[in-house]
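Spelled out from the first residue to the last, the chains are:
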Amino acid sequence: MGSASLFSSVYVWSDVWQHAGWDSIIYIAALSAVNPSLYEAATMDGASRWQKIRFIDIPMLMPTMITLLILRIGGLLGVGFEKVYLMQNNLNLSHSEVISTYVYKIGMLSSQYSFSSAINLFNTIINFILLIMVNQISKKYSENSLW
């Protein structure tokens, strides 16, 4: 936490650790919905384990993958104020400033409410545009989308 250059690595790997459990539960639940006769038919046809993963598991997981991608893109620019703010200190401040902590410092600590509102509105609009774009790309290429 004292090295500014390592802040992004610590943040990313802690985020991976934070979401790995829940995401694995979702993927295991999606895999449990796969019809076992598909695996039996693939075994009878002589498919290897990797072929079963490629031709059965991945296509069956694709709707779940698309939904999780859209949900993750929806929160892409909202990096997580609480986690970053709690990890910040004077030693890593140069590398740990994100939009949400900047908005907090400008709005609450400097009392520039209109400027911080404008920054946050811009952030929200860009995030919404990204969400719509990923949803449209998903609908076009995989016929899966949120609406």
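Residues numbered from 1 in each chain as written. Predicted model: local features only at pLDDT ≥ 70, side-chain atom pairs only at ≥ 80, totals over all residues. Heavy atoms only, no water.

Explain the overall build of the chain to me, and be specific about the residues and the numbers.
Each helix and strand in the chain was counted, giving 7 helices and 0 strands. Going residue by residue from the N terminus, the α and β elements of the chain occur as α-α-α-α-α-α-α. Taking the principal axes of the C-alpha coordinates as reference, the chain spans close to 70 × 35 × 20 Å. When each of the 147 residues of the chain is scored for burial, the buried share is 22%. Considering only contacts in the chain between residues 6 or more positions apart, those separated by 24 or more positions represent 58%. Side-chain charges in the chain split into 8 positive and 8 negative, and the spacing between the mean points of these groups amounts to 4 Å. (Helix = DSSP H or I, 4+ residues; strand = E, 2+ residues; numbered from the N terminus. Buried < 20%, exposed > 50% of the residue type's maximum accessible area, 1.4 Å probe, protein only. Contact = heavy atoms within 4.5 Å. Lys, Arg positive; Asp, Glu negative; His and termini not counted. Charge placed at Lys NZ, Arg CZ, Asp CG, Glu CD.)

Can you tell me about the packing of aromatic side chains, naming the residues and giving the values?
Within a pair of aromatic rings, the relevant descriptors are the distance that separates the centres and the angle that separates the planes. One pass over the structure, following the stated rule, counts 4 aromatic pairs. Here phenylalanine 81 and tyrosine 85 contribute two aromatic rings whose centre-to-centre distance is 5.1 Å and whose plane-to-plane angle is 15°, an arrangement assigned as stacked. A residue pair is termed a helical-turn pair when its members lie 3 or 4 positions apart in one helix, as phenylalanine 81 and tyrosine 85 do in helix H4 (residues 81–87) at 4 residues. Residue classification places phenylalanine 81 among the partly exposed residues on the basis of a relative accessible area of 25%. Note on tyrosine 85: relative accessible area 33%, which makes it partly exposed. Members of the aromatic cluster, connected to one another through ring pairs, are Phe81, Tyr85 and Tyr104. If you follow lysine 83 out to its NZ or CZ, it ends over the ring of tyrosine 11, 4.5 Å from the centre. (Phe/Tyr/Trp six-rings, centres within 6.5 Å; stacked < 30°, edge-to-face > 60°. Lys NZ or Arg CZ within 6 Å of the ring centre and 35° of its normal.)

Residues and numbers for the layout of surface pockets, please.
Looking at the largest pocket, its volume works out to about 350 Å³. Lining the largest pocket are 13 residues, with Tyr11, Asp15, His19, Gly75 and Val79 positioned closest to its centre. Residue assignment for the lining of the largest pocket shows that the elements contributing at least two residues are helix H1 (7–32) and helix H3 (49–74). The element contributing the most residues to the lining of the largest pocket is H1, with 5 residues. For the lining of the largest pocket, a count of residues per class yields 5 nonpolar, 5 polar and 3 charged. (1 Å grid on protein atoms, 1.4 Å probe; cavity = no way out; pocket = protein on both sides within 12 Å on 5 of 7 lines; lining within 4 Å. Points joined across faces, edges and corners; volume = space filled by probe spheres on them. Nonpolar A, V, L, I, M, F, W, Y, C, P; charged D, E, K, R; others polar.)

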